[in-house]
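As a plain string of letters, each chain reads:
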Amino acid sequence: MTTALLTLLTLTVCVDSGFIAPPPSAVLRSFSDTHTRLPCRFQVEGEEKVVQVTWSRQKPGGEREQIITGHFTEGPKASPEFLKRFRFESSEPTVDSTLLIMDTKKADQATYTCHISIFPSGSFERQISLTVWILPISSLEPVILTEGQSFGLAASCRSVGHPQPILSWDTDLPGRVQNRSGEDGVMTSQFSLRPLRSMNGRRLDCLVWHPALEGPFRIQNRLTVHYPPDAEIFSSGSWIMGRSGAELRCVVKGNPLPQNITWSRMDGRLPEGVSVQKDRLVFDRPLNVTDEGLYVCQTGNSVGAAKAQFRLEIERRSLEFPEAIKSPSETLLIIAGASIVGALILVVVVTIIFTNCNLRRKNRKLKRALSSRTEEMISLSRQVSMRRLNSITFDPRTAAEEASLMMDGGMKNSVLSVVDPSISRHTELEFDSLGRPAIFPSSSRRKGGEMEEERDERRRRVESYIRSSNMSLDSNRDQSSPPRSVSSTDPYGCKLGSRRDIHRETDVQREPIPEENPEQISAALANYFQCSDARLTHTHTRRQVI
């Protein structure tokens, strides 16, 4: 009965007792040259007690090694080969059995077992698999190349780590890569190419890839290619006789860059008064004819040498035209004056162009205004002409009034030119400037009373003559005799008739006729008078003048 109770109590304790995390068969990763902690802690219940703790390991080959032991009364005790690098983390190993590995090595990679003896429960074990990673140790060995060499090694990259790292190159150079792996996680990569001077200074980086790194580790490198130097001479200043401060400069390129530059003259040694300042040959004194010659610049580096030549010729303007040599300040003044004159000329030209454009624009406006005014005047003239043409009509309502006014006014010289035949027989007629008989001849001037009577008499005779002529025309129309001539109208609207039809004998006695209306009088006037220069002229008078 007692044995059964003791067995039941032991099972109960085993159920409640156990290792504290991490769980059994844990996998742990560590890095070389660092501290590694292997946790192991057992929790007891009731009257249980940890009597002893033992750490051991088993290598991949199957060999088992005891590392350290901790007794609840005797304390910790490590094996001689692990004494310096292995120890318990706690001073009470039976309470906390965690193992510390100082300065972890790659050989420490193994499966570790934590064995705990408990009274009265028995023994318990826990295994932890330790993996030791070695961070890659990388290096790059550049190779100095020389232009003209054959295809060969340009750089070598080497890395050691666990697990074994991976190497690659980051460059835009054309070449070939060769990788090789060795023992103990050593990895080597080589980059080969044919060197050219254009490749000097180009990027050739080595990239190291490892699982312990978040990204690739970059080893920066620049390709080095040595090549012979190049030399070129540049001149500064004016090579005119009498000038000072002129110099020659030797510009060199190469790798490595040449440090020593020498100057010489092919025709002899350097002239006096000339100083050599590194890559410059300075003429401190005024130039003269003896400075002419072929100057040589020489340089070199570890690969080769180079030289450049410059033919120096002196202009002799100072001998023929001494006044041509001017100081820099005078030259600047001349340039400034020329610039000002050029600017003034430009301003004047722009002003003239602007003024001409403005005048042309105004002339165009005046021409347009004059053309418009001329068109208006022509239009007004046409309107006036049309009004005059329209006004010279033979409207029956106005013909009689116009005829009467023209006889009383400017047409008196034509109407009254019909003189008495008895007067013309005894008195020689006078004519005006137009060849017409004068109304008032100078030889027959009368006094005022007589003139008035004569004027009244002539008016009566003319009226009687017009009435009689009108009646004759009417009678001729009634007889239905064919007209001798066709009447027409001139440009002024006046009716033109035949002189033979219009002319009648003035000495025929006419009987008084009754008074006719204005329309008949207008018609009669139109038959006996013609328009000439906007004036009426009697046909009979025109015949006499002719």
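Our structure's up above, just so we're on the same page.
No experiment lies behind these values; they were computed from the predicted model shown.

Tell me about the state of the cysteines, and please be specific about residues and values.
Applying the stated criterion across every chain, the model contains three disulfides. Between cysteine 157 and cysteine 206 runs a disulfide, and the two sulfur atoms are separated by 1.9 Å. Linking cysteine 157 and cysteine 206, the disulfide has an S-S dihedral of approximately -80 degrees and is accordingly described as left-handed. Taken together, the residues span a long stretch of sequence, with cysteine 157 in strand β13 (residues 152-162) and cysteine 206 in strand β17 (residues 205-209) at a distance of 49 residues. The two residues cysteine 157 and cysteine 206 agree in class, both being buried. The side chain of cysteine 250 participates in a disulfide bridge whose partner is cysteine 297; the two sulfur atoms lie 1.7 Å from each other. Residues cysteine 250 and cysteine 297 are joined through a disulfide that is left-handed, its torsion about the S-S bond being -75 degrees. Taken together, the positions of cysteine 250 in strand β20 (residues 247-255) and cysteine 297 in strand β24 (residues 293-300) put the pair 47 residues apart, joining distant regions of the chain. As far as burial versus exposure is concerned, cysteine 250 and cysteine 297 are alike and both buried.

Give a description of the sheet that holds strand β8 (residues 86-88) that names residues and reports values.
Spatial strand order, β3-β9-β8: three strands in an open sheet with antiparallel pairing. Strand pairing shows two members of the sheet lacking a second neighbour, β3 (36-38) and β8, which therefore form its edges. Strand-to-strand twist across the sheet, computed as the mean angle between neighbouring axes with direction ignored, equals 25 degrees. Two strands pair when backbone bridges link them, and β3 and strand β9 (residues 99-101) are joined in this way by three bridges, in the antiparallel orientation.

Account for the nonpolar core, naming residues and giving values.
With 21 residues, the main nonpolar core has Leu38, Val53, Trp55, Ile67, Phe86, Tyr112 and Ile116 as its most contacted residues. Counting residues per element, the ones that place at least two in this core are β5 (49-58), β6 (64-71), β8, β9, β10 (110-119) and β11 (122-142). Counting residues per element, this core draws most heavily on β10, which supplies five residues. Counting 19 residues, the second largest nonpolar core, distinct from the first, contains Ile233, Trp239, Phe283 and Cys297.

Please set out the packing of aromatic side chains residue by residue, giving values where relevant.
Under the definition given, this model contains six aromatic pairs. Aromatic side chains tryptophan 169 and phenylalanine 191 sit 5.8 Å apart centroid to centroid with 55 degrees between the ring planes, which places their arrangement in the tilted category. You can see tryptophan 169 sitting in strand β14 (residues 166-170) and its partner phenylalanine 191 sitting in strand β16 (residues 186-193), a full 22 residues away along the chain. With a relative accessible area of 4%, phenylalanine 191 lands in the buried category. Geometrically, the ring pair formed by tryptophan 239 and phenylalanine 283 is edge-to-face, given 5.4 Å between the ring centres and 85 degrees between the ring planes. Of this pair, tryptophan 239 sits in the loop between β19 (225-236) and β20 while phenylalanine 283 sits in strand β23 (residues 280-283), and the two are 44 residues apart along the sequence. Residues tryptophan 239 and phenylalanine 283 agree in their burial class; the two are buried. Cluster of aromatic residues (ring-pair linked, three or more members): Trp239, Phe283 and Tyr295.

Kindly report on the environment of arginine 280, identifying the contributing residues and their values.
Among the secondary structure elements, arginine 280 is positioned in strand β23. Exposure remark for arginine 280: the relative accessible area of 29% places this residue in the partly exposed category. The spacing of arginine 280 and threonine 262 is 18 residues in sequence and 9.6 Å in space, taken between C-alpha atoms. When near neighbours in sequence (up to four residues on either side) are disregarded, arginine 280 contacts Glu247, Leu248, Arg249, Trp263 and Ser275. At 2.6 Å, the side chain of arginine 280 and the side chain of glutamine 277 are in polar contact.

So, the pairing of β16: which residues are in play, and what are the values?
In terms of burial, β16 is a largely internal element, seven of the eight residues being buried. Bridge count between β13 and β16: eight bridges; the pairing is antiparallel. If you follow serine 156 over to β16, its bridge partner there is glutamine 190. Judged from the six bridges that link them, strand β15 (residues 176-181) and β16 form a sheet pairing that is antiparallel. Opposite asparagine 179, over in β16, you have serine 189 as the bridge partner. Counting the residues between successive antiparallel strands, the hairpin from β15 to β16 contains four residues, one of them, aspartate 184, with a positive phi of roughly 55 degrees.

Rules used throughout
- Residues numbered from 1 in each chain as written.
- Predicted model: local features only at pLDDT ≥ 70, side-chain atom pairs only at ≥ 80, totals over all residues.
- Heavy atoms only, no water.
- Disulfide = S-S within 2.5 Å.
- Helix = DSSP H or I, 4+ residues; strand = E, 2+ residues; numbered from the N terminus.
- Buried < 20%, exposed > 50% of the residue type's maximum accessible area, 1.4 Å probe, protein only.
- Pairing = 2+ DSSP bridges.
- Axes fitted to C-alpha atoms, helices over the stretch in contact; angles between N-to-C directions.
- Core = buried A, V, L, I, M, F, W, Y, C linked by side-chain atoms within 4.5 Å.
- Phe/Tyr/Trp six-rings, centres within 6.5 Å; stacked < 30°, edge-to-face > 60°.
- Contact = heavy atoms within 4.5 Å.
- Polar contact = N/O pair within 3.5 Å; in protein donor to acceptor, adjacent residues only side chain to side chain.

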